[in-house]
Amino acid sequence: MDYPPKTEINQATLNDDEKLNAWLRSHLATAIHSSGSAKMGPSDVREAVVDQYRRIHEMEGLWVADTSIFPMVPSRGAAATAIMVGERIAAFIKQSAKDKEEVI
Ligand SMILES: Cc1cc2nc3c(=O)[nH]c(=O)nc-3n(C[C@H](O)[C@H](O)[C@H](O)COP(=O)(O)OP(=O)(O)OC[C@H]3O[C@@H](n4cnc5c(N)ncnc54)[C@H](O)[C@@H]3O)c2cc1C
């Protein structure tokens, strides 16, 4: 991945919104760690997508087990955390199936 060349930002650029936007656009790069698009929270919170077990609100038997449930973008590589989240939610799904079996 080619990162844009780093150039110093001067006061004139800081004071000029257009110049600042142009400088920012030419200096920003993605760390390809997209995450945090599925907020966790109780179902009465409008933006909340999943509950504490990462089950999607108002859906039966559907979980989110990827980086979209991260509350913040990790400061380092996201892959290991994504795997850890996957493992944890697999355990929730297994437990939920077991609980259902015990009910039947
Ligand atoms: C180029 C690149 C380099 C990276 N380098 C690093 C690194 O060095 N270290 C690090 O820690 N992280 C790195 N990352 C970030 C890391 O790979 C991701 O954060 C991590 O893979 C996210 O895991 P995930 O399970 O959320 O999503 P993903 O790994 O993207 O998994 C999503 C899966 O869902 C599948 N899918 C998509 N749509 C559907 C559908 N409709 N039906 C069925 N399946 C579907 C996809 O094919 C994919 O297999 C890098 C990412 C990229 C893009």
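Up top you'll find the structure we're talking about.
The rules behind the values
- Counting from 1, residues in each chain are numbered in the order their sequence is written.
- Reporting of local features is limited, given that this is a predicted model, to residues whose pLDDT is at least 70; pairs of side-chain atoms are given and counted only at 80 or more, and all residues count toward the totals for whole chains, interfaces and linings.
- Note that water and hydrogens are dropped before the side-chain values are worked out from all heavy atoms of the structure.
- Elements are defined by DSSP. Helices are runs of H or I of four residues or more, strands are runs of E of two residues or more, and each kind is numbered from the N terminus.
- Every radius of gyration here is taken over C-alpha atoms, with the globule rule written as 2.2 Å times N^0.38, N being the number of residues.
- The buried label applies to any residue whose accessible area, calculated with a 1.4 Å probe on protein chains only, is under 20% of its type's maximum; exposed applies above 50%, and partly exposed to all values in between.
- Whether two residues are in contact is decided by their heavy atoms: any pair within 4.5 Å suffices.
- Residue-level accessible areas treat just the shown protein chains as cover; the underlying method is Shrake-Rupley with a 1.4 Å probe.
- We count Lys and Arg on the positive side and Asp and Glu on the negative side, and we leave His and both chain ends out.
- Note that the charge is assigned to NZ on lysines, CZ on arginines, CG on aspartates and CD on glutamates.
- Put simply, a residue is near a molecule or strand once any heavy atom of it comes within 4 Å of that molecule or strand.
- Polar contacts, as counted here, are pairs of nitrogen or oxygen atoms within 3.5 Å of one another; within protein the pair requires one atom able to donate a hydrogen and one able to accept it, and residues that are adjacent in sequence qualify only if both atoms are side-chain atoms.
- Any pair of Phe, Tyr and Trp rings, taking the six-membered ring for Trp, is counted once the centres come within 6.5 Å. Such a pair is stacked with planes under 30 degrees apart, edge-to-face with planes over 60 apart, and tilted for the rest.

Enquirer: Lay out the overall build of the protein in plain terms, naming residues and giving numbers.
Expert: In terms of regular secondary structure, the protein is built from 3 helices and 0 strands. Of the regular secondary structure in the protein, the N- to C-terminal order runs α-α-α. Taken over C-alpha atoms, the radius of gyration comes to 21 Å for the protein, far larger than the 13 Å a tight globule of 104 residues would show. The principal-axis extents of the C-alpha atoms in the protein amount to approximately 70 × 30 × 15 Å. A buried classification covers 20% of the 104 residues belonging to the protein. Considering only intrachain contacts with a sequence separation of at least 6, the fraction spanning at least 24 residues in the protein is 36%. By element, 57% of the accessible surface of the protein is carried by carbon and sulfur atoms, the whole surface being about 8300 Å². Of the charged side chains in the protein, 12 are positive and 15 negative, and the gap between their average positions amounts to 4 Å.

Enquirer: I'd like a rundown of the site of the ligand, residues and numbers included.
Expert: Taken together, Ile32, His33, Asp66, Thr67, Gly77, Ala78, Ala79 and Ala82 make up the full set of residues adjacent to the ligand. Within the backbone of threonine 67, one N or O atom sits 2.9 Å away from an oxygen atom of the ligand. Protein coverage of the free-state accessible area of the ligand, which is 1000 Å², stands at 28%.

Enquirer: Lay out the packing of aromatic side chains in plain terms, naming residues and giving numbers.
Expert: Scanning the model with the defined rule gives 1 aromatic pair in all. Centroid distance tyrosine 53 to phenylalanine 92: 5.2 Å. Interplanar angle 85°. Geometry classified as edge-to-face. With tyrosine 53 in the loop between helix H2 (17–27) and helix H3 (79–103) and phenylalanine 92 in helix H3, this pair connects stretches of sequence that are 39 residues apart. Classification of phenylalanine 92 as buried rests on a relative accessible area of 16%.

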